[in-house]
Amino acid sequence: MTDHVSAGAPPGLPAPAPHGTSALPEGTYDGAVVLVTGGGTGLGKAIAAEFARLGADLVIASRKEERLKAARDELAGLGGRVAAVPCDIRDPDRVAEVFDAAQDAYGLPDVLVNNAAANFPVPAEDMSPNAWRSVVDITLTGTFFMTREFARRHLTAGTPGSVINIGASYAWTGGPGFAHSAAAKAGVHSLVESLAVEWGPYGIQVNGLVPGLMPHEDMTADIRENLDRATTAATAAEGGESDSRRRELSSRQPALRVGAPRELGWAATFLASPYARFITGHTLVVDGANWQRRGLVSPEMVTVREQLGRGPFGR
Ligand code: NAP
């Protein structure tokens, strides 16, 4: 159970099943190849791990070779084979090379998880053209290039496949302070709905999967600082992933806890499995209902500049 509950307080959503357990029957992904972009870190690595536990061979792809190699060694301990392929998903030629490498190693991937993305908080008026372009290019355009390559190869081979796009709930709500990422994730969500229809007749499923707040050790300094600012000064001052900081983050969620990365991994293994073959064009949100949260009383408006600790624009 959750550890933050004082006597008489509501308990929040139950804790997840233990780390190392799987959501599906053993061997569900035996003989399958799963390609995860950004699979060397954070949630991508957690998703890859759950596929590996169920027997999949993995291909993980991102830009930084060192991190990929470290993750490959870690994931290889879970059973299946793991290939680490350096790639910048913004470049369609590099994207094609990832699929070539995957096919040479284990065969055409049966499952593609578009997890790679870029993000950092910034007031829209301060955002440089380069910041806008790089977040949209990685998160939206890179996702499209990967998905297009996956579909072209399956259409040519006449084989089915499953795509999972990792999204974010501000695709629907907007993301003040994250205008570039929210716009890109709205595009990613739209791709799910367009491509599921275009490619359903050929046996290709396209679904979305949206994580809630799932802290992990690879979170960038920018995102960590943003979380710290969202908690009390006393808690933030302790830094790191202290118990009190985690409690403070948890108390702000309807679930009264944050999500564990493995909970996203379990959902991904279900969406691409034989048990979900009639589910396509759907986006599953794993966030303890946080994105639907509304208060009876509106909180006082605090500008994005104030939230990020920035002074007045242009002064
Ligand atoms: P993360 O730790 O920042 O990981 C991003 C990954 O993308 C890294 O492995 C990075 O590897 C890779 N990447 C970045 N640019 C790339 C490029 N141009 N080409 C190829 N790979 C690239 O993110 P995360 O927190 O695990 O989040 C994973 C996904 O969940 C993202 O789509 C994110 O938007 C979504 N999400 C996360 C949360 C959360 O609470 N963590 C909440 C909502 C949504 P390299 O640097 O090696 O390229």
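As a reminder, the structure under discussion sits directly above these lines.
Residues numbered from 1 in each chain as written. Predicted model: local features only at pLDDT ≥ 70, side-chain atom pairs only at ≥ 80, totals over all residues. Heavy atoms only, no water.

Colleague: Can you help me understand the nonpolar core in this one?
Modeller: Side chains of a nonpolar character, in soluble globular proteins, are inclined to be buried together. Grouped together as the largest cluster of nonpolar side chains are 30 residues, with contacts concentrated most on Y29, V34, F51, L58, V113 and L209. If you list the elements that add at least two residues to this core, you get strand 1 (33–37), helix 1 (42–53), strand 2 (57–62), helix 2 (65–76), strand 4 (111–114), strand 5 (161–166) and helix 10 (261–271). In terms of residues, this core owes the most to one element, helix 1, which gives six residues. Leaving out residues up to four positions away in the same chain, L209 has contacts with I164, N165, I166, G167, L264, A267, A268, L271, T283, L284 and V286. Formed by 28 residues, the second largest nonpolar core is a distinct cluster that contains V85, V95, V98 and V206. (Core = buried A, V, L, I, M, F, W, Y, C linked by side-chain atoms within 4.5 Å. Buried < 20%, exposed > 50% of the residue type's maximum accessible area, 1.4 Å probe, protein only. Helix = DSSP H or I, 4+ residues; strand = E, 2+ residues; numbered from the N terminus. Contact = heavy atoms within 4.5 Å.)

Colleague: Can you walk me through the packing of helix 1 against helix 2 in this structure?
Modeller: Two measures define how a pair of helices packs: the angle their axes make with one another and the distance between the axes. Where helix 1 contacts helix 2, the two axes come as close as 10 Å, and the packing angle between them is 30°. Considering their axes alone, helix 1 and helix 2 lie roughly parallel with respect to each other. Relative to helix 2, the crossing made by helix 1 is right-handed. Taking contact as the criterion, the partners of K45, A48 and A49 in helix 1 are, on helix 2, A71, E74 and L75. Among the residues making up the contact of helix 1 with helix 2, the classes are represented as four nonpolar, no polar and two charged. (Axes fitted to C-alpha atoms, helices over the stretch in contact; angles between N-to-C directions. Parallel < 35°, antiparallel > 145°, perpendicular 65-115°, else oblique. Left-handed = near helix turned anticlockwise from the far one by under 90°. Nonpolar A, V, L, I, M, F, W, Y, C, P; charged D, E, K, R; others polar.)

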